[in-house]
Amino acid sequence: MVALLAAVPALFPGYQTSLATLTLIYALLAMSVDILAGYAGRTPLCHGAIFGAATYVVMYYVTSAGGNPWIGVALGIATAVAVSLIFALLAVRTTGVYFLLLTLALGMVVWGVCQRWTSVTGGENGLRGNARPEWLSDPVRFYYFVLVIGLLASFVMWRFVRSPFGLALKGIRESESRMRSLGYNTTAHLLLGFLFSGLMAGISGVLYAFFNSFVSPSTVALAQSVKGLLMAIIGGVGTLFGGVVGAGIIILLENVVSSYTERWSMVLGLLFVLTMIFAPEGIVGKIRSLLGRRKTTKNQVSTQPA
Amino acid sequence: MSFTLFQIFNGLTFAALLFLVASGFTLIFGLMRIVNLAHGAMYLMGGYVAYVVAVSTQSFILGVAAAAVAVALLGLVEQSLLRFVKGAELRQVLMTLGLALMLNDAALVIFGGDTFSVPTPQLLQGPLEFFGMTYPRYRLFVLLVGVIVLVLLWLLMNRTRLGALIRAGVDDAETVEAMGVNIRKVFVITFMLGMALAGVAGAMGGAFLSLYPTADSEILVFSLAVVIIGGRGSLAGAALGSIAVAMLSTFGQVWFPELAYFVIFGPMALLLAFRPHGLFGRAV
């Protein structure tokens, strides 16, 4: 799998490499969504805002204020974590649909601020300019840069969800009251889980600033959060690496559809509806459950006396 | 002084419009546990239908009626789609989100990115003078409609059998069903009623806020704030929430134009931190 990803620039040069870069960036976003949706059982609709806040800070610091890109990166990630902290403090006490609604509304605040605070964010026109450091200007080298960061971040996330802390989050997903009565501080767990998820969304937002050289309110809009969540869902909630598959499918589809018609948003909506009806467990989840079923039927066959 | 009074009236008339949207939203949320994120798109659809009908028939009333009927029918379609994911709250919400995207895009195909205003009848045009202040007649009319709908909904909920069933359903749908009531029918009626209200709101709002492609998500976010503040399934909550959100929004835009959004959602988030189910909401 890693070898395949490493061979992408050689196999698919030019524009396709930049698509692959974009896919990796979004895969990171989808995985950060999955940490909350899949492992903590709290489906968020604010990750586009966290992601976009990091993008805005990098773009503002580097292009408008003329600062050093790496300090911009640090500030961008710090902003993402700070935004997540505020969101988390307000949202962790709610569950289910209320969590979804509250995070949606909080994400809209960020959107509203980016839209109206024109003196800093440029309003509808957004901020434009190259934020990427000199030595990353080559698209192939940038792809490898994103790949390395993506692999490192995925490894950290994978360790995170399998750590005792991640397992405690899963426990909270199954039954918060039981975990609490077992002596776990569930609020603190959810808060930290949210912060970690926000950190990862921030990293992907920073990479997006490097990639896109442009940011506008649509980067922090609800549609962005929806996209991240749909990627996580299509890949399979609670599978972590499903996010990579989901991101690949959506980015690819977006490009194919956009080359034929302008109705991408219609297709995205339809995809959402169909996924909810036919494959709510996602692709990786579906494959897993199919494999699991085969395994159990095999076991049943072998345990039955002939 | 008169400027403040003018702003208070702006807030109240906006609150009346918000109440039209949010009352349907909160009833559906309360009774069926469905957060209909397509509600804003339905509002926009209602506005466009009203625009087309009102322009072609020269009748505002017909436009409003057509909007109510068309959106109620759309709601029926949506509800039958939602049957596929019955019982799974999150899947339902996400599905309505997908429908919202589709409806919004369909509207963009048909009407493009231009701004439309539903034409109003002669009688409601121009200003009205009272208390030494001139104020647009149409906005006062919206305020009147909002109050009338509030009263009618209150009568429906508290004085009719259907209202009693809806209230009982909000508290415990399963028990109502076990007592031999066809709760599914109550669901369908409530859903269509809520949608019809969204359609009427679209027609009303389409005349003074005008219709454009992102109007749906703006009104959706406002009604979300209303329901989060007011609590799910509560008419009084929807009314108070509408006034709170509309006032915050109106005065926020005057005092802090760049941070207007923050002014609405800051207090909402704080309220939620202390009362997670809103002012009138009850724990599930």
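Values in this document were obtained by computation on a predicted structure and should not be read as measured data.

*Asks:* Which parts of the structure should I look at to understand the overall build of chain B?
*Replies:* Of regular secondary structure, chain B possesses 10 helices and 2 strands. Starting at the N terminus, the α and β elements of chain B follow one another as α-α-α-α-β-β-α-α-α-α-α-α. By the compact-globule yardstick of 19 Å for 284 residues, chain B fits well, its C-alpha radius of gyration being 18 Å. Taking the principal axes of the C-alpha coordinates as reference, chain B spans close to 60 × 45 × 35 Å. Sorting the 284 residues of chain B into buried and exposed places 53% on the buried side. Put simply, 75% of the contacts in chain B that link residues at least 6 apart link residues at least 24 apart.

*Asks:* Even after reading the chapter, I still don't get the overall build of chain A, so can you show me in this structure?
*Replies:* When helices and strands are counted, chain A shows 16 helices and 2 strands. Radius of gyration (C-alpha) of chain A: 20 Å, near the 19 Å computed for a compact globule of 306 residues. Along the first, second and third principal axes, the C-alpha atoms of chain A reach 75 × 50 × 35 Å. Taking all 306 residues of chain A together, the buried fraction comes to 51%. Considering only residue pairs separated by 6 or more positions, chain A has 78% of its internal contacts joining residues 24 or more positions apart.

*Asks:* I'm lost on unusual backbone geometry in this one. Help?
*Replies:* Backbone phi values are negative for most residues with the exception of glycine, while trans is the configuration of most peptide bonds. Residues other than glycine seldom take positive phi values, yet Leu240 of chain A does so here, at roughly 55 degrees. Its identity is not glycine, yet Gln58 of chain B carries a phi of approximately 60 degrees, on the positive side. Checked against the element boundaries, Gln58 of chain B lands in the loop between α2 (39-57) and α3 (60-82). You can call Gln58 of chain B exposed: it has 11 C-beta atoms within 10 Å.

*Asks:* Help me out: how do you make sense of helix α4 (residues 89-111) of chain B in this one?
*Replies:* In an α-helix, one full turn covers 3.6 residues, which means residues spaced three or four apart are oriented alike. The end-to-end C-alpha distance of α4 of chain B, which contains 23 residues, comes to 33 Å, matching closely the 33 Å that a straight helix rising 1.5 Å per residue would cover. Downstream of α4 of chain B by one or two residues, Gly112 of chain B has phi in the positive range, about 70 degrees.

*Asks:* In this structure, what is going on with helix α5 (residues 69-91) of chain A? I would like to understand it.
*Replies:* Residues and elements named next belong to chain A. The terminal C-alpha atoms of α5 lie 32 Å apart, and with 23 residues this matches the ideal 33 Å at 1.5 Å per residue to within 8%. All of the buried residues in α5 are Pro69, Gly72, Val73, Gly76, Ile77, Thr79, Ala80, Val83, Ser84, Phe87, Ala88 and Ala91. Looking at the packing, one finds that the buried side of α5 touches α4 (47-64), α6 (96-116) and α11 (186-212).

*Asks:* Explain the pairing of strand β2 (residues 133-136) of chain B here, please?
*Replies:* A regular strand places its side chains on the two faces of the sheet in alternate fashion. All names here are of chain B. Across 4 bridges, the pairing between strand β1 (residues 127-130) and β2 is antiparallel. Bridge pairing in β2 links Phe130 to Met133. Connecting β1 to the antiparallel partner β2 that follows it, the hairpin turn spans 2 residues, and Phe131 within it adopts a positive phi of roughly 50 degrees.

*Asks:* Please explain the interface of chain B and chain A as it appears in this structure.
*Replies:* Interfaces are often sized by the amount of accessible area the parts lose when they come together. Contact residues are listed per partner, giving 35 residues for chain B and 32 residues for chain A. Every element with two or more residues in the side of chain B that touches chain A is listed here: α4, α8 (215-230) and α10 (260-274) of chain B. Considering every element that reaches the side of chain B that touches chain A, the biggest residue donor is α4 of chain B, with 14 residues. Classifying every residue of the side of chain B that touches chain A by side-chain character gives 28 nonpolar, 3 polar and 4 charged.

*Asks:* Sorry, what's going on with the environment of Thr219 of chain A here?
*Replies:* Residue and element names in this part refer to chain A. Within the secondary structure, Thr219 sits in helix α12 (residues 217-220). With 26 C-beta atoms counted inside 10 Å, the residue Thr219 sits in the buried group. Taking C-alpha positions, Thr219 is 14 Å from Arg116, a pair spaced 103 residues apart along the chain.

*Asks:* Would you take a moment to explain the packing of α4 of chain A against helix α13 (residues 222-235) of chain A for this structure?
*Replies:* The axes of two packed helices give the description: the angle between them and the distance between them. Residue and element names in this part refer to chain A. The N-to-C vectors of α4 and α13 enclose an angle of 115 degrees; their axes lie 7 Å apart at closest approach. With respect to α13, the axis of α4 lies roughly perpendicular. When you trace α4 past α13, the crossing you get is right-handed. Every residue of α13 that contacts α4 at His47, Gly48, Ala49, Phe51 and Gly52 is listed here: Leu222, Gln224, Ser225 and Gly228. Split by residue class, the contact of α4 with α13 holds 3 nonpolar, 6 polar and no charged.

*Asks:* Honestly, the confidence of the model for chain B in this entry has me stumped. Any pointers?
*Replies:* Reading predicted coordinates in detail is not appropriate for stretches of low pLDDT. Residues and elements named next belong to chain B. Summary statistics for chain B give a mean pLDDT of 86 and a share of 98% for residues scoring 70 or more. Taking the mean pLDDT of every element in chain B, the minimum, 74, falls on α10 and the maximum, 93, on α2. Both scores are given for the predicted complex: the pTM is 0.85, the ipTM 0.80.

*Asks:* Where do I start with the confidence of the model for chain A in this structure?
*Replies:* Residues and elements named next belong to chain A. Overall, the predicted model of chain A reaches an average pLDDT of 86, with 95% of residues at or above 70. Here helix α16 (residues 282-303) stands out as the element of chain A with the lowest mean pLDDT, 66, in contrast to α11, whose mean of 94 is the highest. Across residues 300-306, confidence stays below pLDDT 50; counting only partners more than four residues off in sequence or on other chains, it has 0 contacts.

*Asks:* For this particular structure, what's the right way to read the packing of α4 of chain A against α6 of chain A?
*Replies:* All names here are of chain A. Where α4 meets α6, the axes come as close as 8 Å, and the angle between the chain directions of the two elements is 30 degrees. In terms of orientation, α4 and α6 fall into the roughly parallel class. Seen along the crossing, α4 lies across α6 with a hand that is left-handed. Across from Gly48, Ala49, Gly52, Ala53 and Tyr56 in α4, the residues of α6 making contact are Gly107, Val110, Trp111 and Cys114. Counted by class, the contact of α4 with α6 contains 6 nonpolar, 3 polar and no charged residues.

*Asks:* What is the right way to look at the environment of Gly96 of chain A in this model?
*Replies:* Topologically, Gly96 of chain A is positioned in helix α6. Excluding residues that lie within four positions of it along the chain, Gly96 of chain A makes contacts with Glu89 and Leu90 of chain B.

Parameters at a glance
Residues numbered from 1 in each chain as written. Chains lettered and ligands numbered in written order. Predicted model: local features only at pLDDT ≥ 70, side-chain atom pairs only at ≥ 80, totals over all residues. Helix = DSSP H or I, 4+ residues; strand = E, 2+ residues; numbered from the N terminus. Rg over C-alpha atoms; globule rule 2.2 N^0.38 Å. Buried ≥ 20, exposed ≤ 12 C-beta atoms within 10 Å, placed from the backbone. Contact = placed C-beta atoms within 7 Å. Expected span 1.5 Å × (residues − 1). Pairing = 2+ DSSP bridges. Nonpolar A, V, L, I, M, F, W, Y, C, P; charged D, E, K, R; others polar. Axes fitted to C-alpha atoms, helices over the stretch in contact; angles between N-to-C directions. Parallel < 35°, antiparallel > 145°, perpendicular 65-115°, else oblique. Left-handed = near helix turned anticlockwise from the far one by under 90°. pLDDT = per-residue confidence, 0-100.

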